[in-house]
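A structural walkthrough
The primary structure of each chain is shown beneath.
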Amino acid sequence: MPVSDLRVALRGMRGAVREHVDLGPLMHLRIGGPADWFLEPYAEEDAALAVRVCRELDVPLRILGGGSNIVVADAGVRGAVLHLGNLNRIVRDGNRITAGAGVTLPSLLRATKEVGLAGLEKLTGIPAQVGGAVAMNAGTRDGETFEHLVSLTLVEPEGRLEVRGKDQFRAVYRDGGLRDAVVLQASFELTPDDPKAIFERFSASLKRRNATQPVSQRSVGCVFRNPAGDAAGRLIEAAGCKTLRSGGIEVSGQHANYFVNDGRGSAAEFVGLMAEVKKRVHDKFGIDLEPEVKFWGF
Ligand SMILES: Cc1cc2nc3c(=O)[nH]c(=O)nc-3n(C[C@H](O)[C@H](O)[C@H](O)COP(=O)(O)OP(=O)(O)OC[C@H]3O[C@@H](n4cnc5c(N)ncnc54)[C@H](O)[C@@H]3O)c2cc1C
């Protein structure tokens with residue numbers, strides 16, 4: 001079946017099916033061309049249907065969370081992008097909190113702080129959605145997403161809905177080990193604590209972040225993974241790359257592992273700057289930096 005029939009095949013899916021949607025405005029970096037299709041299912045079973053149909057029709061499918069760790073090519077991506085913003089419920093059952101994949105981490109942190117449940121404040125300042133935080137096992141020096149995770153509701157790549165315990169995943173540094181499954185919901189077991197104490201820890205992390213990272217600028221956070229026993233930012237700075245520029249993209253003068261877009265940058269400039277920084281670090285230290293950021297459409 002040709003891809004143009006995707007709308008017909010998805011007629012049983014509640015939610016929105018749109019064509020030629022510009023991804024740039026949805027990305028934290030504000031860069032990227034259009035997706036052929038943009039699917040926003042209404043509920044879990046609609047997301048499962050979208051995954052199943054795209055697989056049956058051989059339509060490449062990508063999952064977009066908060067768009068804070070992706071560089072989309074200037075020419076965009078072929079196939080479909082699935083966005084789970086409608087899965088935005090937060091449910092509390094005692095010390096357990098279940099959040100839809102489309103809930104933003106800042107709103108989840110706010111909710112857990114308010115009810116006096118501690119743990120997730122370790123993720124303060126990460127501009128992710130729950131699904132993206134699980135997929136990347138997002139974390140800070142205080143802890144990672146999988147630390148408090150209990151179980152996940154997922155769509156397997158062939159479209160089957162499953163609930164799986166955390167022990168069925170091998171999460172490592174910046175990788176939740178999902179193997180192409182789509183996260184629909186995540187349940188976290190948290191610890192009761194004084195909301196004031198949680199708030200103080202949250203504020204301290206936020207203050208630290210604001211002082212050391214260009215949080216108000218357009219970026220994808222850390223561009224390269226930290227090599228074992230070192231920090232990519234330290235290596236990039238020591239290789240003399242701070243404020244190095246390619247068109248509208250610059251290595252941040254505040255934190256060298258952040259590349260910021262001044263509003264005029266392109267994906268081509270971003271990857272060009274990555275290549276130059278990687279080369280300079282390799283020339284100086286013999287270390288091959290590996291990207292943390294994901295690339296779509298290259
Ligand atoms: C200012 C800034 C600060 C940051 N600080 C940190 C930090 O301290 N620690 C850290 O770890 N990261 C940090 N990041 C990077 C980024 O926030 C994380 O990688 C985050 O986990 C990405 O989540 P997202 O929802 O934005 O996912 P996206 O960027 O949309 O997607 C990232 C990956 O997850 C996949 N994905 C998204 N949703 C789902 C889903 N529901 N099911 C399956 N796969 C999915 C995507 O397909 C993609 O491969 C920062 C980024 C910025 C811009």
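Here, every reference points to the structure presented above.
No experiment lies behind these values; they were computed from the predicted model shown.

1. Concerning the side chain of Glu121
Looking at the secondary structure, you find Glu121 in the loop between strand 8 (117–118) and helix 4 (130–136). Since its relative accessible area comes to 9%, Glu121 is described here as buried. Polar side-chain contacts of Glu121 include one of 2.7 Å to the backbone nitrogen of Gly119. Only 2.8 Å separates the side chain of Glu121 from the side chain of Arg201, close enough to count as a polar contact. Once residues lying within four places of it in the same chain are set aside, the contact partners of Glu121 are Leu109, Ile198, Arg201, Phe202 and Ser205.

2. Some thoughts on the site of the ligand
Near the ligand, the surroundings consist of 35 residues, among which Ile63, Gly65, Ser68, Gly139 and Arg209 are the closest. The backbone of Gly67 places a nitrogen or oxygen atom 2.8 Å from an oxygen atom of the ligand. Here an oxygen atom of the ligand sits 2.9 Å away from a polar atom, N or O, in the main chain of Gln129. Compared with its free state, where it exposes 970 Å², the ligand has 93% of that area covered by protein. Among the secondary structure elements, those contributing two or more residues to the shell around the ligand are strand 3 (61–64), helix 4, strand 9 (139–140), strand 13 (182–189) and strand 18 (294–296).

3. A few points about the packing of aromatic side chains
As enumerated under the stated definition, the model contains five aromatic pairs in all. Ring centres 6.4 Å apart and planes at 70° place the aromatic pair Phe146 and Phe169 in the edge-to-face group. With Phe146 in the loop between strand 10 (143–144) and strand 11 (149–155) and Phe169 in the loop between strand 12 (161–165) and strand 13, the pair connects residues that are 23 residues apart, well separated along the chain. Here Phe146 falls in the buried class, since its relative accessible area comes to 7%. Between Phe259 and Phe270, the aromatic rings sit 5.5 Å apart at their centres with planes inclined by 50°, giving tilted as the arrangement. Of this pair, Phe259 sits in strand 17 (residues 259–261) while Phe270 sits in helix 7 (residues 267–285), and the two are eleven residues apart along the sequence. Side by side, Phe259 and Phe270 carry an identical accessibility label, which is buried. Taken together, the ring pairs in this structure connect Phe224, Phe259 and Phe270 into an aromatic cluster. Here the guanidinium or amino end of Lys113 rests over the ring plane of Phe202, the centre of that ring lying 3.5 Å away.

What counts, and where the lines are drawn
- Residues numbered from 1 in each chain as written.
- Predicted model: local features only at pLDDT ≥ 70, side-chain atom pairs only at ≥ 80, totals over all residues.
- Heavy atoms only, no water.
- Helix = DSSP H or I, 4+ residues; strand = E, 2+ residues; numbered from the N terminus.
- Buried < 20%, exposed > 50% of the residue type's maximum accessible area, 1.4 Å probe, protein only.
- Polar contact = N/O pair within 3.5 Å; in protein donor to acceptor, adjacent residues only side chain to side chain.
- Contact = heavy atoms within 4.5 Å.
- Near = heavy atom within 4 Å.
- Areas by Shrake-Rupley, 256 points an atom, 1.4 Å probe, with all protein chains shown as cover.
- Phe/Tyr/Trp six-rings, centres within 6.5 Å; stacked < 30°, edge-to-face > 60°.
- Lys NZ or Arg CZ within 6 Å of the ring centre and 35° of its normal.

Spatial relationships are all this shows, so hold off on functional conclusions.
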